[in-house]
Amino acid sequence: MSGLHVTVDDGARDVRVDVAVAPGRTLAVVGPNGAGKSTLLSVVAGLYVPTSGRVVLTGARGEGDRVLTDTAAGTLVPPARRGVVLLGQRPELFEHLTVRANVAFGPRAAGLRRADARDVASRWLDAVGAQGLARRRAQALSGGQAQRVAIARAFAAEPQVVLLDEPLAAVDVPSVPHLREVLRRALAGVTALVVTHDVADALALADDVVVVDRGRVVEHGPAAEVLDAPRSAFLRQLPAATGRAGILGSVSTPGPDPIGHTDPTTHTGEREAEGAEHARRGVEEHAWRVAAAVRPALATLVAPHRATELAVADAVVDPRPRSLAAAAVATVATPGFDNAQMDGYAVRAADLAGASATAPVALVVADPIPAGRTGAPLAAGTAAPIMTGAPVPDGADAVVRIEDALPPRFGQDAGDRVSFSAPVDAGTFVRRAGSDASAGDVVLAAGAPLGPAQLGALVASGIDRVRVADAPRVLLVSTGSEVRGAGEALGPGQVHDANGASLAAALRVVGADVRVRTVADDVAAFRSLLTTPDDGGWTPDLVVTTGGVSAGAYEVVRLALGALADDGLADAWFGHVAMQPGGPQGLATVAVGRGEGRVPLVAFPGNPVSALVSFELFLRPLLADATGLRPARRGRGRAPLAEAVDSPPAVHQVRRGALDDSGRVVLVGGPGSHLLARYAEATVLVHVPVGVAHLDAGDEIEYEEIG
Ligand SMILES: Nc1nc2c(c(=O)[nH]1)N[C@H]1C(S)=C(S)[C@@H](COP(=O)(O)OP(=O)(O)OC[C@H]3O[C@@H](n4cnc5c(N)ncnc54)[C@H](O)[C@@H]3O)O[C@H]1N2
Ligand code: MOO
């Protein structure tokens, strides 16, 4: 993997930029039209030679630099040999080839054998959700399908650098969120330059951002920082300039900190009535802000004072999601000795060198070797019956399967004869000592999840204790004076604490250490819950609340965080996210108990479906990454709808559904955010993106598995 360094000084187009991308990072180049972004890409791709400039692939780990363009030295490597692929707005596939052949083209050109190239193509088609299209001709694809295939083709070629030129600009609106996610995953660890006018793409895809305006770099830095505290005129006027506001809901002006508490809707709620509609935050933006607030807290779980030692045997008895805080090193080799891969005869290959069907070689049967025993050294001219897993005796160097011996069954006595009608290569059906891992090998790297295969590998390698990341401590607070504990008798207007149950369970499934509290609509009580040290020094890494965030008169979470913010003990944002259910949301960092520093607080709405859907969208992926839950992401797919669906186009609607016998998506229950019993029957969440008002039966829709 190379990095990239580009310098361009071009009089004709008045572009003067110097841009570097570190190996494995993605740099977004944003700026107004005509700013010089496309010139930059054309220069890197080798399609435009500037008056003066250099393009260098900077070597990683000891490889040298590779100069692609150097106007002073007269160097210009042709586009096809630069190790750079360009993914533009339009897919530009080979129309007459099948989808698979299109994607396999790059790997074939790089010298892979046909079968291997097909494997690579299949993997990438899977990754972009286009496996079903493999046999179609490219000319038969819709625009969105073709762009998906073009993404697979670009990455399958394993280029040194990927260039993306407005990769989502020409895609039909409903496909954008899915394709953006596909791109985001594909870009992990890849050196890439993304040119976009869309801040949502930059936020989702890039590690770093440069802003180019009138041919000059006017701003440069990590994406989160630049987009959060923009200095350039271009970024500051972004809400107006965001071409795709409809996808995310309007992207609010990035505030000066990750939680965005200077958004138009603040904890005071003052501007909400007048500005609620256009102040809606996009789902992706909120997800990103929650991640920015929560990830640093979760990162401490592997710190020396938090990581703990765990007996592997205990993890086997209680296999909850966990990840390693330190690498695990094998104390014994696996296998520990050369052993038979098949039931058969241990032989000396040299004894069978002359064997053939017409002239079989007969050997004397030696004593049998069952698994768990070491046989005597094998004498020349003899064959020892051996069972799968038994140590291959000294002197023997191959195993012949019992099916290939004459007679083809066990039961011969020692001293009888057994014949072989073919020679055998030394090493055949012998599993070599250490072929899985040698003593001293790292069996599992730091960060590895501790799932079934990993626990088995640890035991096999003689490792009985490991260092694991601590479980994230989550304080879950159900708010509402009407909320009663599970099983309690209900008075008029009261409800049972469904959120305390569903969210506590959801948090524990992902491996969190959860404490659940309920608190009435009482600001002082809520404050004291956060600020009074209790629970024997147990300080949460994360606080999750439900209820008390919308526009009512007793919004305890919003009011308490507002008061804490006024006292300098919190930063808080409350407002609307362009989703349904789960519109009203809050995000804060707050001083908790005796803990040093601030703890992230994620406030979900009280309606039970809203709270659980919000958890699925905003917290589950973050916690899964931290705890080692596998799979870390729910399975996603696209399938035709069994029925028509209507959705408010201004919001991303999340419906509950199930797949019917013919693989179509059936909706379960209506859109109402109190329909938890119906949610309980669902097996998928169904995503109706922003901008979609109606879909017909048969139209494709994205779903996400939940059960
Ligand atoms: N005038 C407006 N009213 C509402 C708006 C709005 O924008 N303007 N948004 C609506 C939406 S959408 C939602 S969602 C809710 C969110 O309200 P809160 O988060 O403040 O939640 P509460 O009012 O406390 O409760 C809502 C609902 O959920 C029930 N609930 C609360 N906690 C639990 C629990 N632990 N277990 C089970 N059920 C719970 C509660 O009894 C209410 O029925 O606001 C809308 N209103
Ligand atoms: O957005 Mo609320 O969560 O529908 O009921």
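Conventions and cut-offs
- Residues numbered from 1 in each chain as written.
- Chains lettered and ligands numbered in written order.
- Predicted model: local features only at pLDDT ≥ 70, side-chain atom pairs only at ≥ 80, totals over all residues.
- Heavy atoms only, no water.
- Helix = DSSP H or I, 4+ residues; strand = E, 2+ residues; numbered from the N terminus.
- Buried < 20%, exposed > 50% of the residue type's maximum accessible area, 1.4 Å probe, protein only.
- Contact = heavy atoms within 4.5 Å.
- Areas by Shrake-Rupley, 256 points an atom, 1.4 Å probe, with all protein chains shown as cover.
- Salt bridge = Lys/Arg side-chain N within 4 Å of Asp/Glu carboxyl O.
- Near = heavy atom within 4 Å.
- Polar contact = N/O pair within 3.5 Å; in protein donor to acceptor, adjacent residues only side chain to side chain.
- Core = buried A, V, L, I, M, F, W, Y, C linked by side-chain atoms within 4.5 Å.
- Domains from an automatic or database assignment.
- Pairing = 2+ DSSP bridges.
- Nonpolar A, V, L, I, M, F, W, Y, C, P; charged D, E, K, R; others polar.
- Axes fitted to C-alpha atoms, helices over the stretch in contact; angles between N-to-C directions.
- Patch = residues over 30% accessible without salt bridge, like charges linked within 9 Å, V, L, I, M, F, W, Y side chains within 5 Å.
- Lys, Arg positive; Asp, Glu negative; His and termini not counted.
- Charge placed at Lys NZ, Arg CZ, Asp CG, Glu CD.
- Phe/Tyr/Trp six-rings, centres within 6.5 Å; stacked < 30°, edge-to-face > 60°.

(A) Structural context of the overall build of the protein. A tally of helices and strands in the protein yields 19 helices and 39 strands. Evaluated residue by residue, the protein yields a buried proportion of 50% over its 707 residues. Contacts in the protein between residues at least 24 apart in sequence constitute 70% of all its contacts with a sequence separation of at least 6. Accessible area for the protein stands at about 30200 Å²; split by element, carbon and sulfur atoms hold 52% of it.

(B) Geometry of the environment of Val-544. In this fold, Val-544 is placed in strand S28 (residues 542-546). Classification of Val-544 as buried rests on a relative accessible area of 1%.

(C) Looking closely at the pattern of salt bridges. This structure, assessed with the given rule, holds 28 salt bridges. Here Asp-116 ties to Arg-113 by a salt bridge, and the two come within 3.7 Å at their closest N and O atoms. Asp-116 sits in the partly exposed class, given a relative accessible area of 30%. A residue is classified by how much of its surface remains accessible, and Arg-113, at 57% relative accessible area, is exposed.

(D) Main features of the site of ligand 1. With respect to spatial proximity, 22 residues lie near ligand 1, and among them Glu-482, Asp-497, Val-549, Glu-555 and Gly-606 are the closest. For ligand 1, a nitrogen atom lies 2.8 Å from a polar atom in the side chain of Asp-497. Contact between ligand 1 and His-576: an oxygen atom at 3.2 Å from a side-chain N or O atom of the residue. Isolated, ligand 1 exposes 870 Å² of accessible area, and the fraction of that covered by the protein chains is 66%.

(E) Spatial organisation of the nonpolar core. Within the largest apolar cluster, 46 residues are counted, with the highest numbers of intra-cluster contacts made by Phe-604 and Leu-619. When contributions to this core are tallied by element, the ones reaching two or more residues are helix H12 (283-299), strand S24 (473-479), helix H15 (498-509), S28, strand S32 (598-604), helix H18 (608-627) and strand S35 (652-659). Here this core takes 12 residues from H18, the largest share from any one element. Here this core spans two domains, since at least three of its residues come from each of domain 2 (283-299 + 471-627) and domain 5 (636-705). Not counting residues up to four positions away in its chain, the partners in contact with Leu-619 are Val-290, Val-294, Leu-542, Val-544, Val-602, Phe-604 and Ser-614.

(F) The pairing of strand S17 (residues 382-386), seen in detail. The buried fraction of S17 amounts to 5 of the 5 residues, a majority that puts the element mostly inside the structure. Here S17 shows no split at all, with Thr-382, Ala-384 and Ile-386 on one side and Ala-383 and Pro-385 on the other all buried. In this structure, strand S15 (residues 344-347) lies alongside S17, joined through 3 bridges in antiparallel fashion. Bridge pairing in S17 places Ala-346 opposite Ala-384. The pairing of strand S16 (residues 361-365) with S17 spans 2 bridges and is parallel. Looking at the pairing, Val-364 lines up with Thr-382 of S17.

(G) Seen up close, the site of ligand 2. Lining the immediate surroundings of ligand 2 are Gln-580, Pro-581, Gly-582, Gly-583, Pro-584, Asn-607, Ser-610 and Ser-673. Separating an oxygen atom of ligand 2 from a side-chain N or O atom of Ser-610 is a distance of 2.4 Å. Interatomic distance of 2.3 Å between a side-chain N/O atom of Ser-673 and an oxygen atom of ligand 2. Split into classes, the residues belonging to the shell around ligand 2 amount to 2 nonpolar, 6 polar and no charged.

(H) Inspection of the sheet that holds strand S5 (residues 66-70) at higher detail. The strand order across the open sheet formed by 5 strands is S2-S1-S4-S5-S6, and the pairing between neighbours is antiparallel. Two strands lie at the open edges of the sheet, namely strand S2 (15-21) and strand S6 (75-76), each paired on one side alone. The pairing of strand S4 (residues 52-58) with S5 spans 4 bridges and is antiparallel. Of the residues in S5, the one forming a bridge with Val-56 is Val-67. Along the sheet face, helix H1 (residues 37-45) touches strand S1 (3-10), S2, S4 and S5 and points at about 120° away from the line of S1.

(I) Structural context of the side chain of Thr-26. The topology assignment puts Thr-26 in strand S3 (residues 26-30). When residues no more than four places from it in sequence are discounted, the contact partners of Thr-26 are Leu-187, Val-190, Ala-192, Val-194, Leu-205, Ala-206, Asp-207 and Asp-208.

(J) Region of interest: the environment of Leu-490. For Leu-490, the location among the structural elements is in the loop between strand S25 (483-484) and strand S26 (495-496). Since its relative accessible area comes to 41%, Leu-490 is described here as partly exposed. If near-sequence neighbours (up to four positions away) are discounted, Leu-490 is found in contact with Arg-484, Val-495 and His-496.

(K) A look at a positive patch on the surface. A contiguous patch of positive charge on the surface is contributed by Arg-108, Arg-114, Arg-118 and Arg-135. Looking at the secondary structure, you find Arg-108 in helix H2 (residues 99-109).

(L) Layout of the sheet that holds strand S29 (residues 570-576). Ordered in space as S27-S24-S28-S32-S31-S29, the 6 strands form an open sheet in which the pairing is mixed. Across the chains shown, the open sheet's two edge strands, defined by having one partner strand only, are strand S27 (513-519) and S29. The sheet shows a mean angle of 15° between the axes of neighbouring strands, direction not considered. When S24 meets S28, the two strands line up parallel, connected through 5 bridges. Counterpart to Val-474 in the pairing with S28 is Leu-542. Packing against the sheet, H18 makes contact with S28, strand S31 (584-591) and S32, and its axis sits at approximately 135° to S32.

(M) Inspection of the packing of aromatic side chains at higher detail. Inspection of the entire model under this criterion finds 4 aromatic pairs. Centre to centre, the rings of Phe-94 and Phe-105 are 4.8 Å apart; their planes meet at 50°, and the pair counts as tilted. Within this pair, whereas Phe-94 is found in the loop between strand S7 (84-87) and H2, its partner Phe-105 is found in helix H2, the two being separated by 11 residues in sequence. Overall, Phe-105 belongs to the partly exposed group, its relative accessible area being 44%. Here Tyr-345 and Phe-420 contribute two aromatic rings whose centre-to-centre distance is 5.8 Å and whose plane-to-plane angle is 85°, an arrangement assigned as edge-to-face. Taken as a pair, Tyr-345 in strand S15 and Phe-420 in strand S20 (residues 417-420) lie far apart in primary sequence, 75 residues in all. Residue classification places Tyr-345 among the buried residues on the basis of a relative accessible area of 1%. Take Phe-420: its relative accessible area is 1%, and that puts it in the buried class. A connected cluster of aromatic rings, assembled from ring pairs, spans Tyr-345, Phe-410 and Phe-420.

(N) Local environment of H1. In terms of burial, H1 is largely enclosed, as 7 of its 9 residues are buried. Burial in H1 covers these residues: Lys-37, Thr-39, Leu-40, Leu-41, Val-43, Val-44 and Ala-45.

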